[in-house]
Amino acid sequence: MPRRSADAVGKIKQKIQQAALKLFTKQGFHGTTVREIARAARVSMGKLYLYYPTKEDIFIGLVQQMEEKMEAIRREEILPLMASPEPENLRKLGMAVGRVVRANLDYWRLMYVDVVEFRHKHFIHSFQKVAAELRAYARGLFQTAPTPFHAGIDPGFAYTTLYLQILTYFLAEELFGAKRHLGVSDEEAVEHFVRLYTKRNESEG
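Residues numbered from 1 in each chain as written. Predicted model: local features only at pLDDT ≥ 70, side-chain atom pairs only at ≥ 80, totals over all residues. Heavy atoms only, no water.

Q: Quick one: what's the story with empty space enclosed by the protein, residue by residue and with numbers?
A: Think of a ball as big as a water molecule: rolled over the atoms, this probe shows where empty space is left. For the structure shown, the criterion picks out one cavity of 30 Å³ or more. What the largest cavity holds in volume is close to 60 Å³. The wall of the largest cavity is formed by Leu90, Leu93, Gly94, Val97, Tyr159, Leu162, Tyr163 and Ile166. Elements supplying a minimum of two residues to the lining of the largest cavity: helix H5 (87–103) and helix H8 (155–175). Looking at side-chain class alone, the lining of the largest cavity contains seven nonpolar, one polar and no charged residues. (1 Å grid on protein atoms, 1.4 Å probe; cavity = no way out; pocket = protein on both sides within 12 Å on 5 of 7 lines; lining within 4 Å. Points joined across faces, edges and corners; volume = space filled by probe spheres on them. Helix = DSSP H or I, 4+ residues; strand = E, 2+ residues; numbered from the N terminus. Nonpolar A, V, L, I, M, F, W, Y, C, P; charged D, E, K, R; others polar.)

Okay, here's the thing in C-alpha coordinates:
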(Lines give C-alpha, C1' and ligand atoms only; values in the text may rest on other atoms or scores of the structure.)
Protein backbone atom coordinates (compact mmCIF):
# COMPACT_ATOMS: atom_id res chain seq x y z
CA MET A 1 0.00 0.00 0.00
CA PRO A 2 2.72 2.58 0.87
CA ARG A 3 4.44 1.76 -2.41
CA ARG A 4 1.24 2.28 -4.37
CA SER A 5 0.60 5.56 -2.56
CA ALA A 6 4.12 6.79 -3.38
CA ASP A 7 3.60 5.87 -7.04
CA ALA A 8 0.25 7.66 -7.12
CA VAL A 9 1.76 10.80 -5.57
CA GLY A 10 4.64 10.68 -8.06
CA LYS A 11 2.23 10.44 -11.00
CA ILE A 12 0.15 13.37 -9.79
CA LYS A 13 3.24 15.53 -9.25
CA GLN A 14 4.49 14.54 -12.70
CA LYS A 15 1.19 15.62 -14.26
CA ILE A 16 1.37 18.95 -12.47
CA GLN A 17 4.99 19.52 -13.52
CA GLN A 18 4.32 18.62 -17.15
CA ALA A 19 1.37 20.99 -17.28
CA ALA A 20 3.37 23.73 -15.59
CA LEU A 21 6.30 23.28 -17.97
CA LYS A 22 4.10 23.80 -21.03
CA LEU A 23 2.51 26.89 -19.53
CA PHE A 24 5.67 28.44 -18.07
CA THR A 25 7.62 28.05 -21.31
CA LYS A 26 4.75 29.52 -23.32
CA GLN A 27 3.36 32.23 -21.03
CA GLY A 28 6.13 32.81 -18.50
CA PHE A 29 5.97 32.26 -14.75
CA HIS A 30 4.07 35.41 -13.80
CA GLY A 31 1.82 35.07 -16.82
CA THR A 32 0.61 31.66 -15.64
CA THR A 33 -1.91 31.14 -12.84
CA VAL A 34 -2.13 28.20 -10.47
CA ARG A 35 -5.68 27.64 -11.67
CA GLU A 36 -4.43 27.24 -15.25
CA ILE A 37 -1.86 24.68 -14.12
CA ALA A 38 -4.47 22.72 -12.17
CA ARG A 39 -6.85 22.78 -15.12
CA ALA A 40 -4.15 21.63 -17.57
CA ALA A 41 -3.03 18.87 -15.17
CA ARG A 42 -6.67 17.85 -14.54
CA VAL A 43 -6.31 18.00 -10.78
CA SER A 44 -8.26 20.01 -8.24
CA MET A 45 -6.82 23.19 -6.78
CA GLY A 46 -6.90 21.53 -3.35
CA LYS A 47 -4.84 18.58 -4.55
CA LEU A 48 -2.34 20.83 -6.30
CA TYR A 49 -1.83 22.91 -3.15
CA LEU A 50 -1.41 19.70 -1.16
CA TYR A 51 1.77 18.94 -3.11
CA TYR A 52 2.88 22.47 -3.99
CA PRO A 53 1.97 25.18 -1.44
CA THR A 54 3.03 27.96 -3.84
CA LYS A 55 3.45 28.46 -7.56
CA GLU A 56 7.17 28.97 -7.07
CA ASP A 57 7.35 25.55 -5.39
CA ILE A 58 6.08 24.10 -8.66
CA PHE A 59 8.78 25.98 -10.53
CA ILE A 60 11.48 24.81 -8.10
CA GLY A 61 10.30 21.19 -8.34
CA LEU A 62 10.35 21.44 -12.11
CA VAL A 63 13.88 22.86 -12.13
CA GLN A 64 15.08 20.05 -9.86
CA GLN A 65 13.45 17.39 -12.00
CA MET A 66 14.90 18.78 -15.22
CA GLU A 67 18.34 19.23 -13.66
CA GLU A 68 18.36 15.56 -12.67
CA LYS A 69 17.38 14.62 -16.20
CA MET A 70 20.11 16.80 -17.73
CA GLU A 71 22.72 15.45 -15.34
CA ALA A 72 21.85 11.90 -16.47
CA ILE A 73 22.07 12.98 -20.12
CA ARG A 74 25.48 14.57 -19.52
CA ARG A 75 26.76 11.37 -17.92
CA GLU A 76 25.40 9.12 -20.68
CA GLU A 77 25.87 11.19 -23.84
CA ILE A 78 28.53 13.83 -23.12
CA LEU A 79 30.98 12.40 -20.59
CA PRO A 80 32.02 9.37 -22.72
CA LEU A 81 33.13 11.78 -25.47
CA MET A 82 35.30 13.75 -23.06
CA ALA A 83 37.79 10.92 -22.51
CA SER A 84 40.09 12.19 -25.24
CA PRO A 85 41.01 15.80 -26.13
CA GLU A 86 41.95 14.91 -29.71
CA PRO A 87 40.39 17.29 -32.27
CA GLU A 88 38.33 14.50 -33.85
CA ASN A 89 36.85 13.69 -30.47
CA LEU A 90 36.19 17.38 -29.83
CA ARG A 91 34.18 17.45 -33.08
CA LYS A 92 32.10 14.47 -31.92
CA LEU A 93 31.60 16.16 -28.57
CA GLY A 94 30.44 19.34 -30.29
CA MET A 95 27.84 17.53 -32.36
CA ALA A 96 26.65 15.64 -29.27
CA VAL A 97 26.12 18.97 -27.50
CA GLY A 98 23.98 20.02 -30.46
CA ARG A 99 21.86 16.88 -30.19
CA VAL A 100 21.33 17.43 -26.47
CA VAL A 101 20.29 21.06 -27.00
CA ARG A 102 17.91 20.08 -29.81
CA ALA A 103 16.25 17.31 -27.78
CA ASN A 104 15.76 19.39 -24.62
CA LEU A 105 14.63 22.83 -25.73
CA ASP A 106 12.15 23.22 -22.87
CA TYR A 107 15.02 22.97 -20.39
CA TRP A 108 16.69 26.00 -21.95
CA ARG A 109 13.36 27.85 -22.28
CA LEU A 110 12.75 27.36 -18.58
CA MET A 111 16.24 28.64 -17.86
CA TYR A 112 15.50 31.85 -19.76
CA VAL A 113 12.22 32.25 -17.84
CA ASP A 114 14.31 32.00 -14.68
CA VAL A 115 16.77 34.62 -15.98
CA VAL A 116 14.03 37.09 -16.93
CA GLU A 117 11.59 36.59 -14.05
CA PHE A 118 13.77 35.42 -11.16
CA ARG A 119 17.13 36.98 -12.06
CA HIS A 120 18.54 33.45 -12.60
CA LYS A 121 18.33 32.45 -8.92
CA HIS A 122 17.20 28.86 -9.59
CA PHE A 123 19.57 27.90 -12.41
CA ILE A 124 22.74 29.89 -11.71
CA HIS A 125 24.17 27.37 -9.24
CA SER A 126 23.84 24.47 -11.67
CA PHE A 127 25.43 26.51 -14.47
CA GLN A 128 28.36 27.40 -12.23
CA LYS A 129 28.63 23.76 -11.16
CA VAL A 130 28.82 22.52 -14.76
CA ALA A 131 31.49 25.09 -15.66
CA ALA A 132 33.50 24.24 -12.53
CA GLU A 133 33.24 20.52 -13.25
CA LEU A 134 34.41 21.08 -16.81
CA ARG A 135 37.47 22.99 -15.62
CA ALA A 136 38.26 20.35 -12.99
CA TYR A 137 37.81 17.54 -15.50
CA ALA A 138 40.06 19.27 -18.01
CA ARG A 139 42.78 19.83 -15.41
CA GLY A 140 42.80 16.12 -14.62
CA LEU A 141 42.66 15.14 -18.28
CA PHE A 142 45.64 17.27 -19.30
CA GLN A 143 47.83 15.94 -16.52
CA THR A 144 48.22 12.79 -18.62
CA ALA A 145 47.08 13.77 -22.13
CA PRO A 146 48.92 16.22 -24.39
CA THR A 147 47.03 19.45 -24.92
CA PRO A 148 45.66 20.08 -28.42
CA PHE A 149 45.22 23.78 -27.67
CA HIS A 150 47.45 26.68 -28.64
CA ALA A 151 50.60 27.26 -26.59
CA GLY A 152 50.26 29.71 -23.74
CA ILE A 153 46.55 29.04 -23.20
CA ASP A 154 45.48 27.20 -20.05
CA PRO A 155 44.03 23.94 -21.41
CA GLY A 156 41.31 23.79 -18.76
CA PHE A 157 40.14 27.28 -19.68
CA ALA A 158 40.34 26.50 -23.41
CA TYR A 159 38.42 23.23 -23.05
CA THR A 160 35.66 24.82 -20.97
CA THR A 161 35.39 27.84 -23.26
CA LEU A 162 35.20 25.69 -26.39
CA TYR A 163 32.40 23.62 -24.85
CA LEU A 164 30.42 26.71 -23.82
CA GLN A 165 31.00 28.38 -27.21
CA ILE A 166 29.55 25.37 -29.00
CA LEU A 167 26.64 25.27 -26.53
CA THR A 168 25.91 28.94 -27.20
CA TYR A 169 26.04 28.36 -30.95
CA PHE A 170 23.43 25.58 -30.79
CA LEU A 171 21.21 27.59 -28.46
CA ALA A 172 21.14 30.38 -31.04
CA GLU A 173 20.46 27.89 -33.82
CA GLU A 174 17.77 25.84 -32.11
CA LEU A 175 16.24 27.97 -29.37
CA PHE A 176 16.31 31.36 -31.09
CA GLY A 177 15.63 29.90 -34.54
CA ALA A 178 18.65 31.69 -36.04
CA LYS A 179 19.37 28.94 -38.55
CA ARG A 180 22.81 29.10 -40.17
CA HIS A 181 23.47 32.38 -38.37
CA LEU A 182 27.20 31.95 -39.02
CA GLY A 183 26.55 31.11 -42.66
CA VAL A 184 27.65 27.48 -42.39
CA SER A 185 26.18 24.10 -41.45
CA ASP A 186 26.35 22.75 -37.89
CA GLU A 187 29.16 20.38 -38.84
CA GLU A 188 31.15 23.21 -40.42
CA ALA A 189 30.57 25.49 -37.42
CA VAL A 190 31.82 22.85 -34.98
CA GLU A 191 34.83 22.22 -37.24
CA HIS A 192 35.68 25.94 -37.24
CA PHE A 193 35.33 26.21 -33.46
CA VAL A 194 37.65 23.26 -32.93
CA ARG A 195 40.18 24.70 -35.40
CA LEU A 196 40.07 28.09 -33.67
CA TYR A 197 41.00 26.54 -30.36
CA THR A 198 43.37 23.74 -31.35
CA LYS A 199 46.82 23.66 -32.87
CA ARG A 200 47.12 23.18 -36.60
CA ASN A 201 48.00 19.64 -37.58
CA GLU A 202 51.46 19.44 -39.13
CA SER A 203 50.09 17.31 -41.97
CA GLU A 204 47.91 20.27 -43.02
CA GLY A 205 51.00 22.33 -43.71
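Now that the structure has been shown, the text picks up again.
Q: Kindly report on the packing of H8 against helix H9 (residues 186–197), identifying the contributing residues and their values.
A: The description of two helices packed together rests on the angle between their axes and the distance between the axes. Running from N to C, H8 and H9 cross one another at 155 degrees; their axes reach a closest spacing of 10 Å. Viewed along their axes, H8 and H9 adopt a mutual orientation that is roughly antiparallel. Judged by the twist between their axes, the crossing of H8 over H9 is right-handed. Residues Ala158, Thr161, Leu162, Gln165, Ile166, Tyr169, Phe170, Glu173 and Glu174 of H8 lie in contact with H9, whose contacting residues are Asp186, Ala189, Val190, Phe193, Val194 and Tyr197. For the contact of H8 with H9, the per-class residue count stands at 10 nonpolar, two polar and three charged. (Axes fitted to C-alpha atoms, helices over the stretch in contact; angles between N-to-C directions. Parallel < 35°, antiparallel > 145°, perpendicular 65-115°, else oblique. Left-handed = near helix turned anticlockwise from the far one by under 90°. Contact = heavy atoms within 4.5 Å.)

Q: Before we move on, can you summarise the nonpolar core with the specific residues and values?
A: The biggest cluster of nonpolar side chains holds 62 residues, and the ones touching the most others in it are Ile16, Phe24, Trp108, Leu110 and Tyr159. Looking at this core element by element, the count peaks at 10 residues for H8. Beyond its immediate sequence surroundings of up to four residues, Trp108 is in contact with Met70, Val100, Val101, Leu167, Leu171 and Leu175. (Core = buried A, V, L, I, M, F, W, Y, C linked by side-chain atoms within 4.5 Å. Buried < 20%, exposed > 50% of the residue type's maximum accessible area, 1.4 Å probe, protein only.)

Q: Can you break down the environment of Ile12 residue by residue, with the values?
A: With respect to the element layout, Ile12 can be found in helix H1 (residues 2–27). By relative accessible area, which is 16% here, Ile12 ends up buried. When the C-alpha atoms of Ile12 and His120 are compared, they prove to be 27 Å apart, with 108 residues separating the residues in sequence. Sequence-distant contacts of Ile12, defined by excluding residues within four places in its chain, comprise Val43, Lys47 and Tyr51.

Q: Explain helix H7 (residues 124–141) to me, and be specific about the residues and the numbers.
A: Compared with the 26 Å implied by 1.5 Å per residue over 18 residues, the 26 Å span of H7 between its first and last C-alpha is a close match. Buried residues of H7: Ser126, Val130, Ala131, Leu134, Ala138 and Leu141, and no others. All buried residues of H7 lie within an arc of 140 degrees about the axis, which places them on one face of the element. Across H7 from its buried face, at more than 90 degrees, point the exposed residues His125 and Arg139. Along its buried surface, H7 packs onto helix H4 (55–78), helix H6 (105–118) and H8. (Expected span 1.5 Å × (residues − 1). Arc of directions from axis to C-beta.)

Q: Quick one: what's the story with the packing of H7 against H8, residue by residue and with numbers?
A: At their nearest, the axes of H7 and H8 sit 8 Å apart, and the two run at 135 degrees to each other. Considering their axes alone, H7 and H8 lie oblique with respect to each other. Helix-helix and strand crossings are classified by hand; for H7 and H8 the assignment is right-handed. Touching Phe127, Ala131, Leu134, Arg135, Ala138 and Leu141 of H7 are Pro155, Gly156, Tyr159, Thr160, Tyr163 and Leu164, all from H8. Broken down by class, the residue content of the contact of H7 with H8 amounts to nine nonpolar, two polar and one charged.

Q: Outline the packing of aromatic side chains, listing residues and values.
A: Evaluated as defined, the whole model comprises 13 aromatic pairs. Relative to Tyr159, the ring of Phe149 has its centre 6.4 Å away and its plane inclined at 80 degrees; by these criteria the two rings are edge-to-face. Residue Phe149 is located in the loop between H7 and H8, and its partner Tyr159 is located in helix H8; the two are separated by 10 residues in the primary sequence. For the pair shown, Phe149 and Tyr159 are each scored as buried. On the numbers, 4.9 Å between centres and 75 degrees between planes, the contact of Tyr169 with Phe170 is edge-to-face. The same class applies to Tyr169 and to Phe170, which are both buried. Taken together through their ring pairs, the aromatic side chains of Phe24, Phe29, Phe59 and Phe118 make up a single cluster. A cation over a ring is seen here: Lys55 above Phe29, with NZ or CZ 4.4 Å from the ring centre. (Phe/Tyr/Trp six-rings, centres within 6.5 Å; stacked < 30°, edge-to-face > 60°. Lys NZ or Arg CZ within 6 Å of the ring centre and 35° of its normal.)

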